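# An overview of the molecular structure
Here are the chains, one letter per residue:
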Amino acid sequence: MPDYGKIRFLPQPRRVTFESTASTLKGVDFCRLEVTRSLLGSVPGPIVLAEVAGLPTLEDYRLQVAPQAVILRAGSERGWFYGLHTLKQLAAQCPGNLPLCRIEDGPDFPNRGFMLDVSRDKVPKLGALLQLIELMAACKYNQLQLYMEHTYAYAGHEIVWRSASPFHSADIRKLDAFCRERFIELVPNQNTFGHMHRWLIHEPYRHMAERPDGGETDLGYRPEPQGLCATDPASIELVDDLLGQLLPQFRSRQVNIGCDETIDLGYGRSKTAVQNLGRGRVYLNYVNQVIELCRNKGYTVQLWGDIILKYPELVEELPDNCIALNWGYEGDHPFQRETELFRRAGIPFYVCPGTSSWNSIVGRTDNMLRNVRNAAEQGRKNNASGFLLTDWGDNGHWQPLSVVIPALLYGAGVSWNGRGNEAEGLARQIDAIDAGSNGWGRLLLDAGNLYALPQYHLHNRSVLFDLLQGGDAAIESMRALTLPGLEKTLRQTRRLLARLGRLSPPGKDSLLRKDEIHWSLSMLELACLRGLQSKRGSELKTWRRSALELKARFVEIWNLRHRPGGLRDSLKRFEPLVEEKFPPCK
């Protein structure tokens, strides 16, 4: 009997039973299937779609490869769609005769989403997004969100977005139609409270800010305005205008209104209200106004749960058309306590871990694995209605899209079938993309663990990333690093670069993926050299040429997947590296 145990699916189904013989069907005949909603009306002859009742969910399916036919049973088109993707993955790994087998499958979470930051600073080209959506569909995700602050072309607000290469109505409608063909809900996502800096720095909006001239916040002094003023009716008027323009471009009847990290609430114009009512009450009063706007337009609201969790006594007051998004990005994030709070309050919620890619360049693999599994396990335990994996673009969005692949696949696995998708099989799942190549998945995971070798843990970022971006954080980190730790990290980085040179990554864009990872590893090699020279007190000039070359390569790679807007802001973060603004620190 062939070793069918080596076959990997994305995600791994609940139950797969292989028989000892093969069918007369050739796998190669199914590899080229373009699995879409439209295909369901004209599947190839050997495939029989049967509608059945009694399966646990409308996304469950039962796939049987019989001697002369493939029989796919499900209670809806969604089930057939996911079953056909499983068949295609099987066929890609068995191009000869397909093995006789039975597969029983269905999801843990009814909503399984991915959120991509398209505001800081990368705005992807449509082609890059369409390719991402194809991968998401193959991995059985059913929701996509594009996090927006200032990257939609709102009429009458050109001063905000004119240099951002924003999405226009036609872009959103094309993406929405493409998603619908793949049973993915494209959910609008526009922050409406905090993180409005890109609006409030412009004079027509500055008067709406909590602190129009900047000032102290929860995270220290900020020289420019950060969030809308919760007590100013003009804030709600602006939000009403934005949502009124954005929401009609989507088929979805949900909207993510953000409302996270309101770091300056109560520091400025709302200070008196906060003193009289309490910070939590002022926050909730504003949020309820935004929720009411959405309710009047017929939408269910999603909002980030970090602020309301600070005021447990107010959680039960969230309106009934609201879904809380319980986010946290460290491996030990207290999802157990937080999900129990939402469950006891009767508030629908998603668990929202992260890819651990931002502020790292190559990711933080072990942290990502713990974070994602922790979120999924506690979400299942406390009846979360969804799982939303997030990928942010803090500090220039330096990480390439290829770095996100391990988290995207792992998140798909644990949200679909947590008990059957362990981290041990992830490297082979990555290799299985588009028929795959041996070694690529292991290399990505190993590169993502470079952050741990210096043995200095930082919250939500890597010390190697700090060494590249400079500033007070880098100097503080340098004092805690050791020469042996940096030397060990440098040796491993160079080993990974050598391994990369011998590999051909899977996928249609294999050369770009390889170039992205080569650039990422080269940046971390530079970080190690910078740290070593600083610790030794030697001249800090040897890396300038390399830094300039890597900056130029960054621009080339950026332009292949992303629009030009945001590039200038991202490149500003290279200045400490290129200009050698980093004093010796033994």
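Every chain's residues receive numbers from 1 upward, in the order its sequence appears when written. A pLDDT threshold of at least 70 governs which residues receive local features in this predicted model, and a stricter bar of 80 or more applies before side-chain atom pairs are shown or counted, although totals over entire chains, interfaces and linings include all residues. Values shown for side chains rest on all heavy atoms present in the structure; no hydrogens or waters enter the calculation.

When you tally the buried positions in strand β7 (residues 143-147), you get five out of five residues, the bulk of the element. Across the two faces of β7 the burial is the same, with Gln-143, Gln-145 and Tyr-147 and Leu-144 and Leu-146 all buried. When DSSP finds two or more bridges between a pair of strands, those strands are recorded as paired. Here a helix means four or more residues in a row that DSSP labels H or I, a strand means two or more in a row labelled E, and each is numbered from the N terminus. Looking at chain direction, strand β6 (residues 111-117) and β7 are connected through five bridges and run parallel. Note on β7: the bridge partner recorded for Met-115 is Gln-145. Handedness is read with the strands pointing away from the viewer; a crossover is right-handed when the path from the first strand over the helix to the second is clockwise. Of the crossover connections in this fold, the one passing from β6 over helix α3 (residues 126-138) to the parallel β7 is right-handed. Buried means the residue's accessible area, taken with a 1.4 Å probe over protein chains only, is under 20% of the maximum for its type, while exposed means over 50%, and partly exposed covers the values in between.

On to helix α11 (residues 335-345), then. What α11 keeps buried is the set Phe-335, Glu-338, Thr-339, Leu-341, Phe-342 and Ala-345. On an axial view of α11, the arc spanned by its buried residues comes to 150°, and they lie on one face. Away from the buried face of α11 by more than 90 degrees, exposed residues Arg-337 and Arg-344 are located. For α11, the secondary structure elements touched by its buried residues are β13 (322-327), β14 (349-352) and α12 (365-381). Phi for Gly-346, located one or two positions after α11, is positive at around 75°. The arc in question is formed by the directions pointing from the helix axis toward the C-beta atoms. Only heavy atoms enter the contact rule, under which two residues are in contact if any of them lie within 4.5 Å.

Turning our eyes to something else, we now look at the nonpolar core. We define the nonpolar core as a collection of buried residues of types Ala, Val, Leu, Ile, Met, Phe, Trp, Tyr and Cys that are connected through side-chain atoms lying within 4.5 Å of one another. Grouped together as the largest cluster of nonpolar side chains are 176 residues, with contacts concentrated most on Phe-114, Phe-167 and Leu-409. If you tally residues by element for this core, the top one is helix α19 (residues 510-536), at ten residues.

This next bit is on the pattern of salt bridges. Every case where a carboxyl oxygen of Asp or Glu lies within 4 Å of a side-chain nitrogen of Lys or Arg is listed as a salt bridge. By the definition in use, this model includes 36 salt bridges. Several salt bridges share partner residues, and in doing so they unite Asp-121, Arg-198, Asp-569 and Lys-572 into one network.

With that settled, the discussion passes to the packing of aromatic side chains. Paired rings are identified among Phe, Tyr and Trp, the last through its six-membered ring, by centres lying within 6.5 Å, and are further divided according to the angle between planes into stacked (under 30 degrees), edge-to-face (over 60) and tilted (the rest). Counted under the stated rule, the structure contains 20 aromatic pairs. Centroid distance Phe-193 to Tyr-283: 5.7 Å. Interplanar angle 15°. Geometry classified as stacked. Taken together, the residues Phe-193 in the loop between β8 (185-187) and α6 (197-200) and Tyr-283 in helix α10 (residues 279-296) connect sequence positions 90 residues apart. Each member of the pair, Phe-193 as well as Tyr-283, carries the same accessibility label: buried. Here Trp-199 and Tyr-205 contribute two aromatic rings whose centre-to-centre distance is 5.4 Å and whose plane-to-plane angle is 90°, an arrangement assigned as edge-to-face. Each member of the pair Trp-199 and Tyr-205 is classed as buried. Grouping aromatic residues by their ring pairs yields a cluster made of Trp-398, Phe-465, Trp-519, Phe-554, Trp-558 and Phe-574. Geometry around Trp-416 places Lys-140 over its ring, the cationic atom sitting 5.8 Å from the centre. We call a charge positioned above a ring when the Lys NZ or Arg CZ atom is no farther than 6 Å from the ring centre and deviates by at most 35 degrees from the ring normal. Geometry around Tyr-299 places Arg-253 over its ring, the cationic atom sitting 4.1 Å from the centre.

What follows deals with the environment of Arg-180. On the secondary structure map, Arg-180 appears in helix α5 (residues 169-180). Note: C-alpha distance between Arg-180 and Phe-574 (394 residues apart in sequence) is 39 Å. Those residues within four positions of Arg-180 in sequence are excluded, and the remaining contacts are Arg-37 and Arg-251.

Another point: unusual backbone geometry. Looking along the chain, the bond that leaves Leu-10 and enters Pro-11 is cis, with omega of -5°. Mapped onto the secondary structure, Pro-11 falls in the segment before β1 (15-26). Unlike most non-glycine residues, Glu-261 shows phi in positive territory, near 45°. Mapping Glu-261 onto the fold places it in the loop between β11 (254-256) and α9 (271-277). Look at Glu-261 and you get partly exposed, because its relative accessible area is 31%. In this model, His-397 sits at a positive phi of 50°, which is unusual for a non-glycine residue. Inspection of the secondary structure puts His-397 in the loop between β15 (386-391) and α13 (405-417).

Packed helix pairs are characterised by how far apart their axes lie and by the angle those axes make with each other. To get an axis, fit a line to the C-alpha atoms, keeping to the stretch in contact for a helix; angles then go from 0 to 180 degrees between the N-to-C directions. At their nearest, the axes of helix α15 (residues 440-447) and helix α18 (residues 483-501) sit 11 Å apart, and the two run at 160° to each other. One element, α15, and the other, α18, form an angle in the roughly antiparallel class. In this structure, α15 meets α18 at a crossing whose hand is left-handed. For the pair α15 and α18, contact is made by Trp-440, Arg-442, Leu-443, Asp-446 and Ala-447 and by Leu-496, Arg-499 and Leu-500, respectively. Angle categories are assigned with fixed cut-offs, so that under 35 degrees is roughly parallel, over 145 is roughly antiparallel, 65 to 115 is roughly perpendicular, and the rest are oblique. Take the far helix as your reference; a near helix turned counterclockwise from it by less than a right angle gives a left-handed crossing, and one turned clockwise gives a right-handed crossing.

Within a sheet, adjacent strands bond to each other through the backbone by hydrogen bonds, running parallel or antiparallel. Within the open sheet, the eight strands sit side by side as β8-β7-β6-β15-β14-β13-β12-β11. Their pairing is parallel. Here the strands that pair on one side only, and so sit at the sheet edges, are β8 and β11. Across the sheet, the axes of successive neighbouring strands diverge by a mean angle of 25°, strand direction being ignored. Sheet topology note: the β13/β14 ladder contains four bridges and is parallel. The residue bridging Trp-327 from the neighbouring strand is Cys-352, located in β14. Docked against the sheet, α13 engages β6 and β15, running at close to 170° with respect to β15.

Throughout, the protein atoms alone are placed on a 1 Å grid, and a set of points is a cavity if a 1.4 Å probe fits but cannot get out or a pocket if it is open with protein on both sides within 12 Å along at least five of seven lines; lining residues have an atom within 4 Å of a point. Grid points are joined across faces, edges and corners, and a volume is the space filled by probe spheres set on the points. In the structure shown here, the tally under the stated rule is four cavities of 30 Å³ or more. Lining the largest cavity are 15 residues, with Leu-116, Pro-124, His-397, Leu-401 and His-562 positioned closest to its centre. When residues of the lining of the largest cavity are traced back to their parent elements, those giving at least two are β6 and α3. Tallying contributions element by element places α3 first for the lining of the largest cavity, with three residues. Three classes are used: nonpolar for Ala, Val, Leu, Ile, Met, Phe, Trp, Tyr, Cys and Pro, charged for Asp, Glu, Lys and Arg, and polar for all others, with Gly counted as polar. Taken together, the residues of the lining of the largest cavity break down into eight nonpolar, three polar and four charged. By volume, the second largest cavity amounts to about 110 Å³. The wall of the second largest cavity is formed by 14 residues, among which Val-362, Gly-363, Thr-365, Val-403 and Pro-406 lie closest to the centre. Elements represented by at least two residues in the lining of the second largest cavity include exactly α12, α13 and α15.

The next point concerns the packing of α19 against helix α20 (residues 544-561). Between α19 and α20, whose axes approach to 10 Å, the crossing angle comes to 150°. When the axis of α19 is compared with that of α20, the two are roughly antiparallel. For the element pair α19 and α20, the recorded crossing hand is left-handed. Contacts from Leu-512, Arg-513, Asp-515, Glu-516, His-518, Trp-519, Ser-522, Met-523 and Leu-526 of α19 reach α20 at Ser-546, Ala-547, Leu-550, Arg-553, Phe-554, Ile-557, Leu-560 and Arg-561. Tallied by class, residues from the contact of α19 with α20 come to nine nonpolar, three polar and five charged.

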